[in-house]
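One-letter residues, chain by chain:
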Amino acid sequence: MITKEVNEWIKKVECGMYKQEDVMYEFSRIAKYLTKEELLFIKRKLSNYIK
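Read on for a plain summary of the structure. (Residues numbered from 1 in each chain as written. Predicted model: local features only at pLDDT ≥ 70, side-chain atom pairs only at ≥ 80, totals over all residues. Heavy atoms only, no water.)

**Quick word on the overall build of the chain**
- Helix and strand content of the chain: three helices and zero strands.
- The secondary structure elements of the chain, listed N-terminal to C-terminal, are α-α-α.
- Compactness check: the chain gives a C-alpha radius of gyration of 10 Å against a globular reference of 10 Å for 51 residues, within 12% of the reference.
- Here the C-alpha coordinates of the chain stretch approximately 25 × 20 × 15 Å along the principal axes.
- Looking at the chain as a whole, 24% of its 51 residues qualify as buried. (Helix = DSSP H or I, 4+ residues; strand = E, 2+ residues; numbered from the N terminus. Rg over C-alpha atoms; globule rule 2.2 N^0.38 Å. Buried < 20%, exposed > 50% of the residue type's maximum accessible area, 1.4 Å probe, protein only.)

**Describing the packing of aromatic side chains**
- Under the criterion given, the structure shown has one aromatic pair.
- Judged by centre distance (6.0 Å) and plane angle (25°), the rings of Trp-9 and Phe-27 are stacked. Residue Trp-9 is found in helix H1 (residues 4-15), and its partner Phe-27 is found in helix H2 (residues 20-31); the two are separated by 18 residues along the sequence.
- The exposure class of Trp-9 is buried, given its relative accessible area of 5%. (Phe/Tyr/Trp six-rings, centres within 6.5 Å; stacked < 30°, edge-to-face > 60°.)

**Let's talk about the side chain of Glu-38**
- Tracing the backbone shows Glu-38 in helix H3 (residues 36-46).
- Although Glu-38 lies buried, it forms no salt bridge, and the closest oppositely charged side chain, Arg-44, sits 11 Å away as judged by the N-O distance. (Lys, Arg positive; Asp, Glu negative; His and termini not counted. Salt bridge = Lys/Arg side-chain N within 4 Å of Asp/Glu carboxyl O.)

**Examining the nonpolar core**
- In this structure, Val-6, Trp-9, Ile-10, Val-13, Val-23, Ile-30, Leu-34, Ile-42 and Leu-46 together form the largest nonpolar core, which totals nine residues.
- Put simply, the parts of the chain that give this core at least two residues each are H1, H2 and H3.
- What Val-6 contacts, discounting residues up to four positions off in sequence, is Ile-30, Leu-34 and Ile-42. (Core = buried A, V, L, I, M, F, W, Y, C linked by side-chain atoms within 4.5 Å. Contact = heavy atoms within 4.5 Å.)

Dropping the structure here:
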C-alpha cells in the first residue's frame, strides 16, 4: 500500500522540489517496502518528470 509519505514524495518530485540524485536516493530508501505493482505505478506516474 502506498503510504502518505510516498504520496508526498511523488508530489514533491512532480513539483520539481528534488534534484535527480535526491529523487533516486529517496526512491531507493522506500522501494524496499513497496510491491511490484506499486513500483510500476510510481514508474508510470513519474516517467515524464525524471529523465
